[in-house]
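In case you want the letters, here they are:
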Amino acid sequence: MRFAIGDTDFLLDGEPHRVLSGAIHYFRVHPDLWQDRIRKAKLMGLNTIETYVAWNAHAPQPGTFSFEGGLDLGRFLDLVAEEGMHAIVRPGPYICAEWSNGGLPYWLFADGTVGVRRNEPGFLAAVRDYLEQLAPVLVPRQVDQGGPIVLVQVENEYGAYGSDASYLRALEQMHRDIGLTVPFTSVDQPMGTMLEDGSLPSLHKTGSFGSRSTERLERLRQAQPTGPLMCSEFWDGWFDSWGEHHHTTPASASASDLDDLLAAGGSVNIYMFHGGTNFGFTNGANDKGVYRPIATSYDYDAPLDEAGRPTPKFHAFRSVIERYAPVPPLPASMQPGGSGVLAASGASGVLAPSGASDTSSASAASVAGLEARPAPAADVAVRLERVASLRSLLPALTKWSAHDEPPTFDALGAASGFVLYRTEVDLPAGGVLTVGTEVRDRAVVSVNGVVVGVLEREHHDRAIALPPVTGTLELLVEDQGRVDYGPRIGEPKGLIGGVAVDGVPLARWSAAPLALDPIAPAAVDQLAALPSTDGDVLAGPVLAAGSFDLTSTEDRYLSLDGFRKGVAWVNGFCLGRYWSRGPQRTLAVPGPVLRAGRNEVVVFELHAAASRSVCMLLEPDLGHTEA
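Let me begin by describing the structure that accompanies this report. (Residues numbered from 1 in each chain as written. Predicted model: local features only at pLDDT ≥ 70, side-chain atom pairs only at ≥ 80, totals over all residues. Heavy atoms only, no water.)

### Remarks on the overall build of the protein
Here comes step 1: When helices and strands are tallied, the protein shows twelve helices and 39 strands.
Here comes step 2: Projecting the C-alpha coordinates of the protein onto the three principal axes gives extents of approximately 80 × 55 × 40 Å.
Here comes step 3: The 627 residues of the protein split such that 61% are buried.
Here comes step 4: Restricting the contact set of the protein to residue pairs at least 6 apart, pairs at least 24 apart contribute 77%.
Here comes step 5: Within the structure as shown, the protein displays about 22100 Å² of accessible surface, and the carbon and sulfur contribution to it stands at 53%.
Here comes step 6: Counting 49 positive and 74 negative side-chain charges, the protein places the centres of these two groups 1 Å from one another. (Helix = DSSP H or I, 4+ residues; strand = E, 2+ residues; numbered from the N terminus. Buried < 20%, exposed > 50% of the residue type's maximum accessible area, 1.4 Å probe, protein only. Contact = heavy atoms within 4.5 Å. Areas by Shrake-Rupley, 256 points an atom, 1.4 Å probe, with all protein chains shown as cover. Lys, Arg positive; Asp, Glu negative; His and termini not counted. Charge placed at Lys NZ, Arg CZ, Asp CG, Glu CD.)

### Quick word on the packing of aromatic side chains
Here comes step 1: One pass over the structure, following the stated rule, counts 26 aromatic pairs.
Here comes step 2: An angle of 40 degrees between the planes, with centres 6.4 Å apart, marks the rings of Phe65 and Tyr130 as tilted. Of this pair, Phe65 sits in the loop between α2 (55–58) and α3 (73–82) while Tyr130 sits in helix α4 (residues 121–138); the two residues are 65 residues apart in sequence, bridging distant segments of the chain.
Here comes step 3: Ring pairing ties together the aromatic residues Tyr52, Trp235, Trp238, Phe239, Tyr271, Tyr298 and Tyr300, which thus form one cluster.
Here comes step 4: Of note, Arg176 hangs over the ring of Phe184, and the distance from its end group to the ring centre comes to 3.5 Å.
Here comes step 5: One residue, Lys565, lies across the ring of Trp579, its end atom 4.4 Å from the ring centre. (Phe/Tyr/Trp six-rings, centres within 6.5 Å; stacked < 30°, edge-to-face > 60°. Lys NZ or Arg CZ within 6 Å of the ring centre and 35° of its normal.)

### Examining helix α1 (residues 34–43)
Here comes step 1: Of all ten residues in α1, nine are buried; the element is thus mostly enclosed.
Here comes step 2: For α1, the set of buried residues is Trp34, Gln35, Asp36, Arg37, Ile38, Arg39, Lys40, Ala41 and Leu43.
Here comes step 3: With its phi angle positive at about 110 degrees, Gly45 sits one or two positions after the end of α1.

### Overview of the pattern of salt bridges
Here comes step 1: Inspection of every chain in the model, using the stated rule, returns 38 salt bridges.
Here comes step 2: With a closest N to O distance of 2.6 Å, Lys493 and Asp441 form a salt bridge. On the criterion of sequence distance, the pair formed by Lys493 in the loop between β26 (482–483) and β27 (494–496) and Asp441 in the loop between β21 (438–440) and β22 (442–447) is long-range, its members being 52 residues apart.
Here comes step 3: Judged by relative accessible area, Asp441 falls into the buried class, the value being 0%.
Here comes step 4: Between Glu491 and Arg488 there is a salt bridge, with its nearest N and O atoms 2.8 Å apart.
Here comes step 5: Looking at Glu491, the relative accessible area reads 10%, which means it is buried.
Here comes step 6: Linked through salt bridges whose partners overlap, the residues forming this network are Asp287, Asp410, Glu438, Arg440, Asp441, Arg457, Asp479, Arg482, Arg488, Glu491 and Lys493. (Salt bridge = Lys/Arg side-chain N within 4 Å of Asp/Glu carboxyl O.)

### Details of the environment of Glu456
Here comes step 1: Here Glu456 is to be found in strand β23 (residues 450–456).
Here comes step 2: Through-space distance from the C-alpha of Glu456 to that of Ser333 is 46 Å; in sequence the pair is 123 residues apart.
Here comes step 3: Contacts of Glu456, omitting those with residues within four sequence positions, involve Asp441, Arg442, Asp461 and Trp579.

### Structural notes on the nonpolar core
Here comes step 1: Formed by 104 residues in total, the largest nonpolar core has its most connected members in Leu46, Phe76, Leu77, Phe123, Leu138, Leu258 and Tyr271.
Here comes step 2: In terms of residue count, α4 provides more of this core than any other element does, ten residues in total.
Here comes step 3: When neighbours within four sequence positions are excluded, Phe123 is seen to be in contact with Pro93, Leu104, Leu108, Phe109, Val114, Gly115, Arg117, Arg118 and Tyr167. (Core = buried A, V, L, I, M, F, W, Y, C linked by side-chain atoms within 4.5 Å.)

### Things to note about the sheet that holds strand β36 (residues 586–589)
Here comes step 1: Read from one edge of the open sheet, four strands run β16-β39-β33-β36, paired in antiparallel fashion. The open sheet has two free edges, formed respectively by β16 (380–383) and β36, since each of these has just one partner strand. Sheet twist, expressed as the average angle between the axes of neighbouring strands with direction ignored, equals 25 degrees.
Here comes step 2: Judged from the four bridges that link them, β16 and strand β39 (residues 613–617) form a sheet pairing that is antiparallel. Its bridge partner being in β39, Arg383 is matched across the sheet by Ser613. (Pairing = 2+ DSSP bridges. Axes fitted to C-alpha atoms, helices over the stretch in contact; angles between N-to-C directions.)

### Some remarks on the packing of helix α11 (residues 390–397) against helix α12 (residues 521–528)
Here comes step 1: One can describe the packing of α11 onto α12 by two numbers: an axis separation of 8 Å at closest approach and a directional angle of 135 degrees. Between α11 and α12, the interaxial angle falls into the category oblique. For the pair α11 and α12, the sense of crossing is right-handed. Here Ser392, Leu393, Ala396 and Leu397 of α11 lie close against α12, whose contacting residues are Ala522, Ala523, Gln526 and Leu527. (Parallel < 35°, antiparallel > 145°, perpendicular 65-115°, else oblique. Left-handed = near helix turned anticlockwise from the far one by under 90°.)

### Points about the side chain of Glu120
Here comes step 1: You can see Glu120 is positioned in the loop between β6 (86–90) and α4.
Here comes step 2: Buried and without a salt bridge, Glu120 has Arg118 as its closest oppositely charged side chain, separated by 5.5 Å.
Here comes step 3: A distance of 3.0 Å separates the side chain of Glu120 from the backbone nitrogen of Gly122, its partner in a polar contact.
Here comes step 4: Discounting residues that sit within four places of it in the chain, Glu120 has contacts with Thr113, Val114 and Gly115. (Polar contact = N/O pair within 3.5 Å; in protein donor to acceptor, adjacent residues only side chain to side chain.)

### So, the sheet that holds strand β9 (residues 204–209)
Here comes step 1: Spatial ordering of the closed barrel is given by β4-β5-β6-β7-β8-β9-β10-β11, a layout of eight strands whose pairing is parallel. Adjacent strand axes in the sheet meet at a mean angle of 30 degrees when their direction is disregarded.
Here comes step 2: Two strands pair when backbone bridges link them, and strand β4 (residues 20–24) and strand β11 (residues 267–274) are joined in this way by four bridges, in the parallel orientation. Counted as the bridge partner of Gly22 is Ile270 from β11.
Here comes step 3: Strands β4, β5 (48–52) and β11 of the sheet are contacted by α1, whose axis makes an angle of about 140 degrees with β11.

### Quick notes on the pairing of strand β32 (residues 542–550)
Here comes step 1: Burial analysis of β32 places seven of its nine residues in the buried class, the great majority of the element.
Here comes step 2: Sheet analysis places β32 next to strand β37 (residues 597–605), joined by nine bridges and oriented antiparallel. Each bridged residue has a counterpart across the sheet, and for Leu543 the counterpart in β37 is Phe604.

Here you go:
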């Protein structure tokens with residue numbers, strides 16, 4: 001089978017072909033739920049699945065590269081093929097995606113000599129190694145070799161960042177050198193000169209927009225007089241940042257823009273079809289003068305919500321698509337008003353009715369057309385009975401190292417999470433502590449174990465008054481997400497520019513990165529061995545754990561009402577960050593993470609909680625507050 005770019009259309013074995021694609025990022029969805037999400041895309045009428053490749057997820061440290069578990073890109077693409085669908089792959093190397101560092105590994109820029117997204121030898125050498133790692137997965141899965149991949153994108157919205165044609169030519173050649181033969185694309189907003197700056201004549205230009213489709217396609221045609229028109233990022237919603245409102249777009253308006261796009265003969269990739277979740281510490285951030293970290297939920301107001309349920313936008317888009325292409329019939333559970341929520345058999349990834357006894361019955365439910373519905377179950381309250389201060393658990397969580405000045409996260413080999421900085425001070429009159437350049441990104445300041453305040457990058461905080469103290473000064477610094485867009489990509493994290501009190505630099509620091517994703521087993525064991533204690537209020541920084549029992553393993557949602565800010569785990573799986581400022585109020589818990597019988601939840605609260613009770617909700621309350 002061959003896929004090509006014709007004068008007016010994409011060509012599949014020589015015949016005109018319209019790409020109807022939806023974005024699903026494999027790294028934002030539990031792997032046992034991939035099949036469910038892909039199949040639902042097909043049921044909406046799509047014929048293609050698009051995904052970025054997150055370089056930093058596959059290579060978290062220098063010299064490592066993993067395709068295991070949730071990073072098994074080959075398995076994801078094989079599931080796409082099993083559904084009879086095609087695939088679009090966007091390896092970057094830069095992906096943006098509201099993902100930490102735009103997908104670029106932090107360690108690549110640790111020594112300050114490697115360029116970012118430009119024709120610089122160190123950067124290009126690392127990209128070449130990255131693409132060579134991807135080659136065994138991507139090359140044999142191209143459509144002309146019997147696989148699903150029909151298009152590969154080179155870079156990502158480069159016209160919004162730069163205009164270095166030599167850099168793009170080097171990237172294109174590297175993609176060809178590893179054996180990729182399918183057509184290559186670029187994507188940029190049809191505004192200003194972005195389409196021209198971000199592409200090459202040999203790359204098929206596509207657009208990124210979410211409204212005014214006719215106007216945007218006209219600008220795309222101006223930049224590229226021949227070839228198929230395609231919006232390869234049709235923005236049907238938007239991402240959320242902590243402290244902002246939950247972004248939504250009316251289903252009717254998005255459907256109308258999609259109709260205009262398809263009526264003009266265009267192909268489309270819906271961004272997102274299903275957004276998923278920024279599990280762990282994978283969320284990115286924006287900084288356009290004010291730092292804004294991305295929320296844990298990547299629901300995106302997409303046709304398939306974070307819980308995997310069809311939304312009104314799913315049905316509105318499906319109604320539009322069926323005017324231009326055949327769509328399969330919907331099972332009863334997917335009809336408007338149905339839940340669309342299906343349990344997964346944790347081992348095989350196929351859909352199963354709640355409490356299915358084995359994978360054969362799960363497979364039967366899947367083949368039956370996604371009709372299975374979970375059995376009713378109640379929400380489960382969990383009391384966090386076992387409590388330990390962060391200080392008491394430090395020996396199980398980390399190791400200290402000595403430094404003359406506070407080192408960056410990057411120098412410590414800490415890709416994300418937290419670093420605790422400690423020094424001894426003698427300040428009988430107190431003083432004003434100042435961070436030289438910038439706090440990246442949030443520091444809880446303590447003296448002799450007592451919290452005295454918080455420094456927030458978002459508020460441009462750099463100074464805080466200290467009380468009289470002779471003893472230990474600590475700053476617990478959180479990386480709230482590496483910038484994923486613009487000129488601040490690749491910057492280091494930590495206390496940038498050193499720390500002084502009343503203008504006198506503080507020296508002789510100890511630093512300890514906290515291994516929280518995954519959380520250190522020794523710390524979990526220590527928590528589990530603690531006796532239950534009475535009381536309700538939690539004073540942080542503190543870790544608290546509790547147990548709960550389940551008879552079945554549907555997707556659930558962890559409610560943390562009364563908690564302020566921190567991180568949560570279920571059965572060792574890091575759900576991500578929570579923050580009482582919203583707009584998100586609950587954390588998604590994928591069903592495959594849970595188990596029938598005893599389950600464990602751990603919460604790391606930075607500040608305080610009014611209650612030790614959390615709740616495992618059954619119904620997917622996405623928990624968005626509105627501004």
